[in-house]
Amino acid sequence: DGGITQSPKYLFRKEGQNVTLSCEQNLNHDAMYWYRQDPGQGLRLIYYSQIVNDFQKGDIAEGYSVSREKKESFPLTVTSAQKNPTAFYLCASSMSGGIDNYGYTFGSGTRLTVV
Amino acid sequence: SQQGEEDPQALSIQEGENATMNCSYKTSINNLQWYRQNSGRGLVHLILIRSNEREKHSGRLRVTLDTSKKSSSLLITASRAADTASYFCATAGAGSYQLTFGKGTKLSVIP
């Protein structure tokens, strides 16, 4: 089955640590996205990538970094510079130009907690 | 920035009743989409309506779009307990790959 896989499902981070959230898709989608969701809130865009080896900052990129070395993979690193990282992180993908036709496909999310 | 604003924030209905959720947005859009999120899960795409469309149906879902009022509504007919979830509207600007999401409506369907 085609889809997006996020791992791990739960992640605990100590103060001052960097952690990396994995996102892999086998849908052959060109574009990939990272969103953050806080309790009772909507989704806020962290980073997005329309093509391999290229990515752009979203609305809340500070304290986060990404890479897009392969079409299938778009890992997100939450750095120690992110002061309030506890949240639910969602990865999504879409076809090139598919935003007009099919919308996004989402992974099942990673819940990150600072301990 | 979040453009869509859903109303109401929470809605509780009996099974079999219809549920209506509204979404307002601020700037011109290319299309508007509705997503469902079950608790602790990812979002699932429900339906997409383009800016030149006024109404769209998919199964028990009916979406309307009024670009003059910058608003959309999602109607779920004959609701079921399994429809209990949060529903989000998302807008895409012209030529944009990015979706901007609202804060969602939390729907509870009581058996």
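Up top is the structure these notes are about.
Keep in mind the model is a prediction, meaning the values are calculated, not measured. (Residues numbered from 1 in each chain as written. Chains lettered and ligands numbered in written order. Predicted model: local features only at pLDDT ≥ 70, side-chain atom pairs only at ≥ 80, totals over all residues. Heavy atoms only, no water.)

A. Expanded view of the overall build of chain B. If you tally the helices and strands in chain B, you get zero helices and 11 strands. Of the regular secondary structure in chain B, the N- to C-terminal order runs β-β-β-β-β-β-β-β-β-β-β. Expected size for 111 residues packed as a compact globule is a radius of gyration near 13 Å; at 13 Å, chain B falls within 12% of this value. For chain B, the spread of C-alpha atoms along the principal axes amounts to about 40 × 30 × 20 Å. Taking all 111 residues of chain B together, 44% fall into the buried category. Within chain B, contacts between residues at least 6 apart in sequence are counted, and of these 55% link residues at least 24 apart. Of the roughly 5300 Å² that chain B leaves accessible, carbon and sulfur atoms contribute 44%. Separation of charge centres in chain B, based on 13 positive and 9 negative side chains, amounts to 5 Å. (Helix = DSSP H or I, 4+ residues; strand = E, 2+ residues; numbered from the N terminus. Rg over C-alpha atoms; globule rule 2.2 N^0.38 Å. Buried < 20%, exposed > 50% of the residue type's maximum accessible area, 1.4 Å probe, protein only. Contact = heavy atoms within 4.5 Å. Areas by Shrake-Rupley, 256 points an atom, 1.4 Å probe, with all protein chains shown as cover. Lys, Arg positive; Asp, Glu negative; His and termini not counted. Charge placed at Lys NZ, Arg CZ, Asp CG, Glu CD.)

B. The arrangement of the packing of aromatic side chains in detail. A full pass over the atoms with the stated rule returns 10 aromatic pairs over all chains. Here the aromatic rings of A:Y64 and A:Y89 are separated by 5.9 Å at their centres, their planes lie at 65°, and the arrangement is edge-to-face. One end of the pair, A:Y64, is in strand β7 (residues 64–66); the other, A:Y89, is in strand β9 (residues 87–94), with 25 residues separating them in the sequence. The exposure class of A:Y64 is buried, given its relative accessible area of 5%. Residue classification places A:Y89 among the buried positions, given a relative accessible area of 0%. On the basis of an interplanar angle of 85° and a centroid distance of 5.7 Å, the ring pair of A:F106 and B:Y35 is categorised as edge-to-face. Of this pair, A:F106 sits in strand β10 (residues 105–106) while B:Y35 is found in strand β4 (residues 31–37), placing the two residues in two different chains. Looking at A:F106, the relative accessible area reads 10%, which means it is buried. Owing to a relative accessible area of 0%, B:Y35 belongs among the buried residues under this scheme. If you follow A:R68 out to its NZ or CZ, it ends over the ring of A:F74, 6.0 Å from the centre. (Phe/Tyr/Trp six-rings, centres within 6.5 Å; stacked < 30°, edge-to-face > 60°. Lys NZ or Arg CZ within 6 Å of the ring centre and 35° of its normal.)

C. A look at the interface of chain A and chain B. Contacts between chain A and chain B engage 29 residues on the former and 23 residues on the latter. Between chain A and chain B the total buried area reaches about 2000 Å² when both faces are included, carbon and sulfur atoms providing 48% of it. Between the two partners, chain A and chain B, sit zero salt bridges. Taken together, the links from chain A to chain B amount to five residue pairs in polar contact (both at pLDDT 80 or more). Breaking the side of chain A that touches chain B down by element, the ones donating at least two residues are β4 (31–37), β5 (43–51) and β9 of chain A. (Buried area = accessible area lost by both parts, 1.4 Å probe. Salt bridge = Lys/Arg side-chain N within 4 Å of Asp/Glu carboxyl O. Polar contact = N/O pair within 3.5 Å; in protein donor to acceptor, adjacent residues only side chain to side chain.)

D. View of the state of the cysteines. Residues and elements named next belong to chain A. Within the structure shown, the criterion is met by two disulfides over all chains. Between the sulfur atoms of C23 and its disulfide partner C91 the distance amounts to 1.9 Å. What sets the handedness of the C23 and C91 disulfide is the S-S torsion sign, and at about -75° it is left-handed. Placement of C23 in strand β3 (residues 19–25) and of C91 in strand β9 is noted, with a sequence separation of 68 residues between them. (Disulfide = S-S within 2.5 Å.)

E. Region of the structure containing unusual backbone geometry. Residues and elements named next belong to chain A. P8 follows S7 through a cis peptide bond whose omega is -5°. Here P8 is to be found in the loop between β1 (4–7) and β2 (10–13). Although it is not a glycine, N53 adopts a positive phi angle of roughly 65°. Along the chain, the position of N53 falls in the loop between β5 and β6 (54–57).

F. Examining the pairing of β3(A) more closely. All names here are of chain A. Residue alternation in β3 divides its side chains into a buried set, V19, L21, C23 and Q25, and an unburied set, T20, S22 and E24. Alignment of β1 against β3, held across four bridges, turns out to be antiparallel. Note that in β3 the partner of Q6 across the bridge is C23. Taken together, the three bridges between β3 and strand β8 (residues 76–78) define a ladder with antiparallel strand orientation. Considered in β8, the bridge of T20 is made with T77. (Pairing = 2+ DSSP bridges.)

Spatial relationships are all this shows, so hold off on functional conclusions.
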